[in-house]
Amino acid sequence: MFYRQSGIYHTRYEATRRLWPIPFERWQVGVILLLVLAAPFYLSALYLQSYLLPWLIWSAATLSLTLLMGVAGQLHFGYAAVMAIGAYSAIHLVRFGLPFEFAFLGAGLIAALIGCLFGAAALRVKGLYLVMATLAMQYLVDWLIINVPAISGGAHATLQAPSARILFFSLENDLVRYYFALAWAVLLTVFLLNVKRTSFGRALVAIRDKDYAASVIGVNPFRYKLLAFFTSSFLGGMSGAVLAFCFYRAVTPEQFSFNVSTQLVAMVLVGGLGSVIGAFLGAGFVLLAPMILTNIVAMLSDFGWLNVSVNLLSHLPLMIYGALILGFLLAEPLGLAKIYDNIRNYFLVWPFKHSRR
Amino acid sequence: MATTAEVARSVALRCENINRWFGGLHALKGPDLAIFQGEIFGLVGPNGSGKTTLVNSVTGFYPPQKGRIFLFDEQINGLPPYRIAQKGVARTFQNVALFRGLTVLDNILVGRHIHMRPSALATLGYWWWAKKEEMAHRAKVEDIIDLLQLEDVRDEPVDVIPLGLQKRVELARALAAEPRLLVLDEPMAGMNQEEKEYMVRFILDAHEDRDLTILLIEHHMDVVTSICHRVAVFNDGVKIAEGEPRAAINDPAVVAAYIGGSDAA
């Protein structure tokens, strides 16, 4: 309806492999990018800091996890632990005196190494057993952080993120924090989009889909599973550091508990396994839906349209939220990304439905 | 034993005394095999005679517990499958084993894996570090798409195209690896007469175009007798006949193995 594929002819291989081969969609992406770049100038500080900023950071984390779960097909139920390692490493490295840029890289590296340690052990097993192994990582890392005072500063302690500068800008500034998180999300988006068109990404998908066929065509399955763990943990650790420095500003072990891991898995699943736009939609849904639902329910009861006990009132948003997730996954197991895709494909040929192959 | 003509040609694949057990089942009882460079070599035999087990030994899935395998005089038994693939062996599977999450084009591009340098960093800097390589390999893949006439389905996801085409895509993926030895495990299973004829044509084209040595497992005797230079007949883990297709298939031992001879109980 809004744009069509007809009349767009690619005459070079490069053109068919562009990130967005349809010109209109390039414009779309450009407009969205402009909107988020200009967000601080038209959004109130509240919306920017408590909605858009966490959305961007959690989308980045979801993108890192979907590389492992969606693209490479390795389940990970301890991803919050990976982010925790990144967050705590970054804070300690900055406190140690390292410039933030290096601490940021170091956080990713430490998370990747520890993630790989578990990955290597875990990769001998598949499916549900891998879930168990990653769960073990979650609880082990949780326990270590809480019980080693050198890391957490003691049980129930809060570790303040030290002041740091990224390039020449101080992270004390709200705007700098926003733009840093935005840049990180954009970088990860570009990476994940590129994964879908390079030999690296194809090898990961190959081991996900049929590992014996992958090995017979020359892909070393163990190496690529480990690479997936390494890359994903690296990015996840750095996302954890971004979360600590740009959003939480002070970290406690509870911020990276098992609940958070399940939430991340939910973001990946609700958004759509392996999908880039799905990571943003999934993170947005899991993060914002409970808040919005709470607001709606509160508003309805203020109007007097919802005469239920206070107890039920506080649980109602969660119940609707759960029902929505179930509903979405029943209607479209491939997540919000697939729903978006269906709508897009419908309008691409509307009203000439028969022309769709 | 070998005639002078055979000595002059180099041996692409040599199997010596291959033994493979699955628990108590002795699936391969020490057959020897030599396939010459440039040959289309047929492997036939009743179900359960050890054909696929032999192929799995060659590609490294089930390494033989006894015996040796040489690819162009280089010992390859004991190597993991991906190392054997890097040495120049590619295969297709009896039941199609394509990557369902990828398009036809991407499936064939995976076949180029051993010739490419995949890296996460190059992926991030696609425009500077990966694009040129991707495009060069795309051109090679397009040659294969052209050879096997897959242009129409290039951008389709593999699980929506019919079985005959899927088998052709699998052949394309194997060809993309530019193998020295191509192993085809029942490429015509489940096909109708027309698809079969197409497949034969594609195999002959590929053989001629790419200077291949082909090891072909096939149950359709018309196919085997018309395109293979030599065949070996297996029964119960042993080689019971070998030679020019018609002669081998009419060998009394082979007839006995297939339909039961006078000396069979």
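Residues numbered from 1 in each chain as written. Chains lettered and ligands numbered in written order. Predicted model: local features only at pLDDT ≥ 70, side-chain atom pairs only at ≥ 80, totals over all residues.

1. Some remarks on the overall build of chain A
So, point 1. Looking only at helices and strands, chain A has 16 helices and 4 strands in total.
So, point 2. Principal-axis analysis of the C-alpha atoms gives chain A an extent of 65 × 65 × 45 Å.
So, point 3. Across the 357 residues that make up chain A, the buried fraction comes to 41%.
So, point 4. Counting only contacts in chain A whose residues sit at least 6 apart along the sequence, the fraction spanning at least 24 positions is 73%. (Helix = DSSP H or I, 4+ residues; strand = E, 2+ residues; numbered from the N terminus. Buried ≥ 20, exposed ≤ 12 C-beta atoms within 10 Å, placed from the backbone. Contact = placed C-beta atoms within 7 Å.)

2. Remarks on unusual backbone geometry
So, point 1. In this model, Trp350(A) is joined to Pro351(A) through a cis peptide bond whose omega is 0°.
So, point 2. Note that Pro351(A) resides in the segment after helix 16 (335-349).
So, point 3. Although it is not a glycine, Asp73(B) adopts a positive phi angle of roughly 65°.
So, point 4. In this structure, Asp73(B) sits in the loop between strand 5 (66-71) and strand 6 (74-75).
So, point 5. What makes Asp73(B) exposed here is the crowd of 9 C-beta atoms within 10 Å.

3. Looking at helix 7 (residues 163-176) of chain B
All names here are of chain B.
So, point 1. With 14 residues, helix 7 ought to run about 20 Å at 1.5 Å a step, and its terminal C-alpha atoms sit 20 Å apart, in line with that.
So, point 2. Summarising burial for helix 7: 11 of the 14 residues are buried, a large majority.
So, point 3. The inward-facing, buried residues of helix 7 abut strand 7 (89-92), helix 4 (104-110), helix 6 (126-147), strand 8 (181-185) and helix 8 (193-210).
So, point 4. With its phi angle positive at about 50°, Glu 178 sits one or two positions after the end of helix 7. (Expected span 1.5 Å × (residues − 1).)

4. A look at the interface of chain B and chain A
So, point 1. On the side of chain A, 28 residues touch chain B, which itself brings 34 residues to the contact.
So, point 2. Mapped onto the side of chain B that touches chain A, the elements with two or more residues apiece are helix 3 (81-86), strand 7, helix 4, helix 5 (120-124) and helix 6 of chain B.
So, point 3. Among the elements that take part in the side of chain B that touches chain A, helix 6 of chain B stands out by supplying 6 residues, more than any other.
So, point 4. Looking at the side of chain B that touches chain A, its residues break down into 20 nonpolar, 7 polar and 7 charged. (Nonpolar A, V, L, I, M, F, W, Y, C, P; charged D, E, K, R; others polar.)

5. Observations concerning the domain arrangement of chain B
All names here are of chain B.
So, point 1. In terms of domains, chain B is made up of domain 1 (1-88 + 179-265) and domain 2 (100-176).
So, point 2. Listed as interface residues are 14 residues of domain 1 and, on the opposing side, 10 residues of domain 2.
So, point 3. Of all the elements in the fold, those that place two or more residues in the side of domain 1 that touches domain 2 are helix 3 and helix 8.
So, point 4. Of the residues forming the side of domain 1 that touches domain 2, the biggest block, 7 residues, is contributed by helix 8.
So, point 5. By residue class, the composition of the side of domain 1 that touches domain 2 is 8 nonpolar, 2 polar and 4 charged. (Domains from an automatic or database assignment.)

6. Some details on the environment of Ala250(A)
Residue and element names in this part refer to chain A.
So, point 1. Positionally, Ala 250 belongs in strand 4 (residues 250-251).
So, point 2. Since 12 C-beta atoms lie within 10 Å of it, Ala 250 is described here as exposed.
So, point 3. For the pair Ala 250 and Leu 159, spaced 91 residues apart in sequence, the C-alpha to C-alpha distance is 5.3 Å.
So, point 4. Not counting residues within four places of it along the chain, the set of residues in contact with Ala 250 comprises Thr 158, Leu 159, Gln 160 and Ala 161.

7. Let's talk about the nonpolar core
So, point 1. Core analysis: the biggest nonpolar cluster contains 173 residues, and Ala87(A), Ala90(A) and Ala181(A) have the highest contact counts within it.
So, point 2. Here this core takes 14 residues from helix 12 (residues 221-248) of chain A, the largest share from any one element.
So, point 3. No fewer than three residues from each of domain 1 (1-88 + 179-265) and domain 2 (100-176) of chain B sit in this core.
So, point 4. Beyond its immediate chain neighbours, meaning those up to four positions away, Ala87(A) contacts Gly240(A), Ala241(A), Leu243(A), Ala244(A), Val251(A) and Phe256(A). (Core = buried A, V, L, I, M, F, W, Y, C linked by C-beta atoms within 7 Å.)

8. Regarding the packing of helix 4 (residues 45-71) of chain A against helix 13 (residues 258-271) of chain A
Residues and elements named next belong to chain A.
So, point 1. Two numbers describe how helix 4 lies on helix 13: the axes approach to 9 Å, and their chain directions differ by 75°. Our classification of the angle between helix 4 and helix 13 gives roughly perpendicular. The segment helix 4 lies against helix 13, with Trp 58, Ala 61, Thr 62, Leu 65, Thr 66, Met 69 and Gly 70 engaging Leu 264, Met 267, Val 268 and Gly 271.
So, point 2. For the contact of helix 4 with helix 13, the class distribution of residues is 7 nonpolar, 4 polar and no charged. (Axes fitted to C-alpha atoms, helices over the stretch in contact; angles between N-to-C directions. Parallel < 35°, antiparallel > 145°, perpendicular 65-115°, else oblique.)

9. Some words on the sheet that holds strand 4 (residues 40-44) of chain B
Residue and element names in this part refer to chain B.
So, point 1. The 6 strands lie next to each other as 7-8-9-4-10-11, forming an open sheet whose pairing is mixed. Edge positions in the open sheet fall to strand 7 and strand 11 (238-243), since each of these has one partner strand only. Averaged over all pairs of adjacent strands, the angle between strand axes in this sheet comes to 20°, irrespective of strand direction.
So, point 2. Looking at chain direction, strand 4 and strand 10 (residues 230-235) are connected through 4 bridges and run parallel. Along strand 10, the bridge assignment pairs Phe 41 with Arg 230.
So, point 3. Strands strand 7 and strand 8 of the sheet are contacted by helix 7, whose axis makes an angle of about 175° with strand 7. (Pairing = 2+ DSSP bridges.)

10. Some details on the pairing of strand 5 of chain B
All names here are of chain B.
So, point 1. Judged from the 5 bridges that link them, strand 1 (residues 11-22) and strand 5 form a sheet pairing that is antiparallel. Note on strand 5: the bridge partner recorded for Cys 15 is Ile 69.
So, point 2. Pairing of strand 5 with strand 6 involves 2 bridges; the strand directions are antiparallel. Residue Phe 70 lies in a different strand from strand 6, and its bridge partner there is Gln 75.

11. Details of helix 2 (residues 51-59) of chain B
So, point 1. Among the 9 residues of helix 2 of chain B, 8 are classified as buried, and the element is accordingly described as predominantly covered.
So, point 2. Of all the positions in helix 2 of chain B, only Lys51(B), Thr53(B), Leu54(B), Val55(B), Asn56(B), Ser57(B), Val58(B) and Thr59(B) are classed as buried.

12. Overview of the confidence of the model for chain B
Residue and element names in this part refer to chain B.
So, point 1. With 95% of its residues at a pLDDT of 70 or more, chain B has an overall mean of 91.
So, point 2. Between the elements of chain B, mean pLDDT differs from a low of 52, seen in helix 1 (residues 4-8), to a high of 97, seen in helix 4.
So, point 3. For this predicted complex, the interface confidence reaches an ipTM of 0.91, while the overall pTM sits at 0.92. (pLDDT = per-residue confidence, 0-100.)

13. Thoughts on the environment of Glu197(B)
So, point 1. Here Glu197(B) is to be found in helix 8.
So, point 2. With 20 residues separating them in the primary sequence, Glu197(B) and Ile217(B) have C-alpha atoms 16 Å apart.

14. Regarding the environment of Asn192(B)
All names here are of chain B.
So, point 1. Residue position: Asn 192 is located in the loop between strand 8 and helix 8.
So, point 2. A residue is classified by how many C-beta atoms lie within 10 Å of it, and Asn 192, with 10 of them, is exposed.
So, point 3. Spatially, the C-alpha atom of Asn 192 lies 22 Å from that of Leu 215, the residues being 23 residues apart in sequence.

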